[in-house]
Amino acid sequence: TNLKTITLPRTIKRIWNAFENCPSLERINIPDIQTWLSVDFLDRINPVSHASLYIDDECLTDVVIPEDITIIKEYAFSGFKSLNSVTFTSTNLSKIEYGAFRECTGLTAVYVSDIMDWLSITFSYEANPLAYAKNLYVDGEPLTHLNIPEGVTVNADGFTVISENTLYNRGTIN
């Protein structure tokens, strides 16, 4: 089809193959990032793989995950190549589901305010934005050294667990 723009309402809950065969799609208008994060996507069929997200006529390249978000759903940003950075403000975020940041090849940075909040997130396969970003910033400073605080365990026998994919592809940590 020749469809170039879609505008999604706050009430949208599911997009399943709806825009799979719309190669000319360029723009997706959403009211806010919470609306986008509430959508269920089927498999990797996410329209951001060939279109850009817009909020209030501004192209979204840097995403701030709001405080009230507890889970980032499967394929939420899958294929979103114009995504440059992600900032996690939520201390309530507990899980990032399968493929959430799959093929986000434009990512260069991930920002968090507290390393303990980051370490407590459970990441499913292809869910960690560090797979592409490679740069994790804590309070605006690049993470180059990681001191594991006392009480944090790396196995499921303790109270706090560092998830399997938490520091995925972070080869520069000393």
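Below, the structure is looked at part by part. The model shown is predicted, which means the values in this text are computed figures rather than measured ones. (Residues numbered from 1 in each chain as written. Predicted model: local features only at pLDDT ≥ 70, side-chain atom pairs only at ≥ 80, totals over all residues. Heavy atoms only, no water.)

### Side note on the overall build of the protein chain
1) Next: The secondary structure content of the protein chain amounts to three helices and 16 strands.
2) Next: Here the protein chain holds 174 residues, and 45% of them are scored as buried.
3) Next: Put simply, of all contacts in the protein chain between residues at least 6 apart along the chain, 63% involve residues at least 24 apart.
4) Next: In the structure as shown, the protein chain presents an accessible area of about 9100 Å², 49% of it carried by carbon and sulfur atoms. (Helix = DSSP H or I, 4+ residues; strand = E, 2+ residues; numbered from the N terminus. Buried < 20%, exposed > 50% of the residue type's maximum accessible area, 1.4 Å probe, protein only. Contact = heavy atoms within 4.5 Å. Areas by Shrake-Rupley, 256 points an atom, 1.4 Å probe, with all protein chains shown as cover.)

### A short note on the sheet that holds strand S6 (residues 58–59)
1) Next: Read from one edge of the open sheet, four strands run S1-S3-S5-S6, paired in mixed fashion. On the outer flanks of this sheet lie strand S1 (5–7) and S6, each paired with one strand and no other.
2) Next: Relative to S6, strand S5 (residues 52–55) runs antiparallel, the two being bridged by two bridges. Residue isoleucine 55 lies in a different strand from S6, and its bridge partner there is glutamate 58. (Pairing = 2+ DSSP bridges.)

### Looking at the packing of aromatic side chains
1) Next: The tally for this structure, following the rule as stated, stands at nine aromatic pairs.
2) Next: Both rings, one in tryptophan 118 and one in phenylalanine 123, keep their centres 5.0 Å apart while their planes meet at 55°; by these two values the pair is tilted. Across the pair, phenylalanine 123 and tryptophan 118 agree in class, each one buried.
3) Next: Members of the aromatic cluster, connected to one another through ring pairs, are Phe77, Phe80, Phe88, Phe101, Trp118 and Phe123.
4) Next: Directly above the ring of tryptophan 16 sits arginine 14, whose terminal nitrogen or CZ lies 4.5 Å from the centroid.
5) Next: Stacked on the ring of tyrosine 54, the Lys or Arg arginine 27 has its end atom at 3.8 Å from the ring centre. (Phe/Tyr/Trp six-rings, centres within 6.5 Å; stacked < 30°, edge-to-face > 60°. Lys NZ or Arg CZ within 6 Å of the ring centre and 35° of its normal.)

### Observations regarding the environment of tyrosine 98
1) Next: In this structure, tyrosine 98 sits in the loop between strand S10 (95–96) and strand S11 (109–112).
2) Next: Along the sequence, tyrosine 98 and glutamate 126 sit 28 residues apart, while their C-alpha atoms lie 5.9 Å from each other.

### Comments concerning the pairing of S11
1) Next: Where strand S9 (residues 85–88) and S11 come together, four bridges link them in parallel fashion. Residue valine 86 lies in a different strand from S11, and its bridge partner there is valine 110.
2) Next: Sheet topology places S11 next to strand S13 (residues 136–138); three bridges connect them, and they run parallel. By the bridge assignment, valine 112 is partnered in S13 with valine 138.

### Some remarks on the side chain of serine 38
1) Next: Mapped onto the elements of the fold, serine 38 is located in the loop between helix H1 (33–37) and strand S4 (40–41).
2) Next: Under the relative-accessibility criterion, serine 38 is labelled buried at 19%.
3) Next: Within the structure, serine 38 has its side chain in polar contact with the backbone oxygen of threonine 35 (distance 2.7 Å).
4) Next: Non-local contacts of serine 38, meaning those with residues more than four positions away in its chain, are made with Ile12, Lys13 and Lys73. (Polar contact = N/O pair within 3.5 Å; in protein donor to acceptor, adjacent residues only side chain to side chain.)

### Examining the environment of leucine 37
1) Next: Structurally, leucine 37 is set in helix H1.
2) Next: Sequence separation between leucine 37 and isoleucine 71 is 34 residues, and the spatial gap between their C-alpha atoms is 8.5 Å.
3) Next: Setting aside residues no more than four positions away along its own chain, leucine 37 makes contact with Ile65, Pro66, Ile69, Ile72, Lys73, Ala76 and Phe77.

### So, the pattern of salt bridges
1) Next: Enumeration according to the criterion identifies six salt bridges in this entry.
2) Next: Among the ionic pairs, aspartate 57 bridges to arginine 27, the shortest N-O distance being 2.4 Å. Pair noted here: aspartate 57 is in the loop between S5 and S6 and arginine 27 is in strand S3 (residues 27–29), with a separation of 30 residues, a long-range link.
3) Next: The partner of glutamate 126 in a salt bridge is arginine 102, and the shortest N-O contact between them spans 3.1 Å. Taken together, the residues glutamate 126 in the loop between strand S12 (122–123) and helix H3 (130–133) and arginine 102 in the loop between S10 and S11 connect sequence positions 24 residues apart.
4) Next: Ionic contacts of the salt-bridge type, sharing partners, join the residues Arg102, Glu103 and Glu126 into one network. (Salt bridge = Lys/Arg side-chain N within 4 Å of Asp/Glu carboxyl O.)

It is worth stressing that arrangement in space is one thing and function is another; only the former is reported here.
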